[in-house]
Amino acid sequence: MSELDRERREMAAKLQRPGARPDPSLRITRRTFIHKSCLLGAATVAETFAWWPLLNTIDVAFAAEEPFKFAWISDTHLYPRSLNTRFVDKTIRAAKEVQAMNPPADFLIFGGDIAQLGKIEELELGAELLKEVKARQVFIPGEHDWYLDMGKKWGQLFGEPHWTFDHKGVRFIGLDTVSRAPDYWTVKNMSPEERMGHMATLDGSVAGPWAGVGRDQLDWLSKTLSTWDKSRPVVIFSHNPLYEYYPPWNFWVRDWREVNDVLKPYANVTNIHGHVHQVLYNEIGTMRSIGMLATSWPWPYAPTGLPPLTVQMNRADPFDQFGGCGDGHGLVAAGGLVDKIYNLWDRNPMTVRASYLASNGTKDRPAAVRLPSF
Ligand SMILES: [Fe+2]
Ligand SMILES: [Fe+2]
């Protein structure tokens, strides 16, 4: 066992006690971190991409036919350009970076909340800004996109809210986790703007547990996966995390247990999600779950604490519009090592790496472990 593996296991043993939280004493200096990352990365095929700055990409090599990467941009929360150019500028930055990738991303996934208040002007602005990216684009909706006109304009611009395709040995699935909210507006005679306004807050005290996959989509997911070998990789994109992180802010889907039941037979599932606007990592069953950064702003941590496998971020500098925002990329490399790499836009760039041993689908699998981080 290498020194790095031994250190990871020691840290896992320390950190994964019930209720354990990230400990500031475990942070490392940038220098030490870079040293560890180079040690780790040298052994992976995907290291070629590991220091690519300011990109939000996912490299998939584990059990895929050939290594490749795709780009992720999410949660741009665009206002009309006449009201606010701050988020516009950030979206332009992200799109330019994705377009500049070399080697290029095979496709771009947009993870929802392209608009702030679901307005036609906001949605069209998002579509226009993303035209900078010439690669294939696929979209899933966020709640901010949907509840002004119940997804009408979003559908016209971006198509079906759930979909699947196979790419180089990986089955990709896009889920709609936002459109099945219980009706909280009719009995209160809310206008579309009022309905949307309750969705545009973090606190879901009026909109309630709106995030869900729904029975119909669960049946579709089950059917879609039934034609896929259970050991082959599946990557599922969703706006909300597919587990229970913090329900009052809809940092979950209310039917996550049913989702997990459908996914349980599949040994190699990765869920990549937006909505939380913060670095998150969790494992549930055989599914790995990765929360990506937003380009717009960072949400607070849930008051109940982070998932036990998540490395805590320092919080944003309120005087820096890029504070706590940014992107990164994940690696799923041969041998079962799963990495995700975040690049914070206010660190010029500072690349932070957290590494995990991938689930192998058995109950006695090695515990996921982490390197200390930012
Ligand atoms: Fe968002
Ligand atoms: Fe959202």
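Residues numbered from 1 in each chain as written. Chains lettered and ligands numbered in written order. Predicted model: local features only at pLDDT ≥ 70, side-chain atom pairs only at ≥ 80, totals over all residues. Heavy atoms only, no water.

Participant: What exactly am I supposed to notice about the side chain of Gln217 here?
Facilitator: When you line up the elements, Gln217 lands in helix H8 (residues 215–226). Polar contacts involving the side chain of Gln217 include one to the main-chain carbonyl oxygen of Asp176, which spans 2.7 Å. Apart from the residues within four sequence positions on either side, Gln217 is in contact with His162, Leu175, Asp176 and Arg180. (Helix = DSSP H or I, 4+ residues; strand = E, 2+ residues; numbered from the N terminus. Polar contact = N/O pair within 3.5 Å; in protein donor to acceptor, adjacent residues only side chain to side chain. Contact = heavy atoms within 4.5 Å.)

Participant: Would you mind going over the coordination of the iron ion (ligand 1) with me for this structure?
Facilitator: Each pair of donors in an ideal octahedron of six around a metal sits at 90 or 180 degrees, and each pair in an ideal tetrahedron of four sits at 109.5 degrees. Within the protein, Asp75 (OD), His77 (NE2), Asp113 (OD) and His277 (NE2) serve as the donor atoms for the iron ion (ligand 1), at 2.0 to 2.3 Å. Between consecutive donor residues of the iron ion (ligand 1), the sequence gaps follow D-x1-H-x35-D-x163-H. (Donors = N, O, S within 2.8 Å, 3.2 Å for Na, K, Ca; no water.)

Participant: Please clarify how the environment of Ile236 should be interpreted in this entry.
Facilitator: Summarising the element assignment, Ile236 is placed in strand S7 (residues 234–238). With 65 residues separating them in the primary sequence, Ile236 and Arg171 have C-alpha atoms 8.3 Å apart. Not counting the four nearest positions on each side in its chain, Ile236 is found in contact with Ile173, Leu175, Leu242, Leu263, Val269, Thr270, Asn271 and Ile272.

Participant: When you look at the packing of aromatic side chains in this model, what are you seeing that I'm missing?
Facilitator: Pairs of aromatic rings are described using the distance from one ring centre to the other and the angle between the two planes. Inspection of the entire model under this criterion finds 22 aromatic pairs. When the centroid spacing of 4.2 Å and the interplanar angle of 25° are considered together, the rings of Phe139 and Phe158 count as stacked. Separated by 19 residues along the polypeptide, Phe139 in strand S4 (residues 136–139) and Phe158 in helix H6 (residues 152–158) bring together distant segments of the chain. Of the two residues, Phe139 and Phe158, neither departs from the other in class, the shared state being buried. When the centroid spacing of 5.4 Å and the interplanar angle of 25° are considered together, the rings of Phe165 and Phe172 count as stacked. Looking at Phe165, the relative accessible area reads 11%, which means it is buried. Since its relative accessible area comes to 0%, Phe172 is described here as buried. Three or more aromatic residues joined by ring pairs form one cluster here, namely Phe70, Trp72, Phe107, Trp163, Phe165, Phe172 and Phe237. (Phe/Tyr/Trp six-rings, centres within 6.5 Å; stacked < 30°, edge-to-face > 60°. Buried < 20%, exposed > 50% of the residue type's maximum accessible area, 1.4 Å probe, protein only.)

Participant: What should I look at first to understand the sheet that holds strand S9 (residues 280–284) in this one?
Facilitator: Across a sheet, strands are paired by hydrogen bonds formed along the backbone, either parallel or antiparallel in direction. Spatially, S5-S6-S7-S8-S10-S9 is the arrangement adopted by the 6 strands of the open sheet, whose pairing is mixed. Two strands bound the open sheet, and with one partner strand each, they are strand S5 (163–167) and S9. The mean angle between the axes of side-by-side strands here comes to 20°, regardless of whether they run parallel or antiparallel. Packing of H8 onto the sheet brings it into contact with S5, strand S6 (170–174) and S7, and relative to S6 it is tilted by some 170°. (Pairing = 2+ DSSP bridges. Axes fitted to C-alpha atoms, helices over the stretch in contact; angles between N-to-C directions.)

These values are about where atoms sit, not about what they do.
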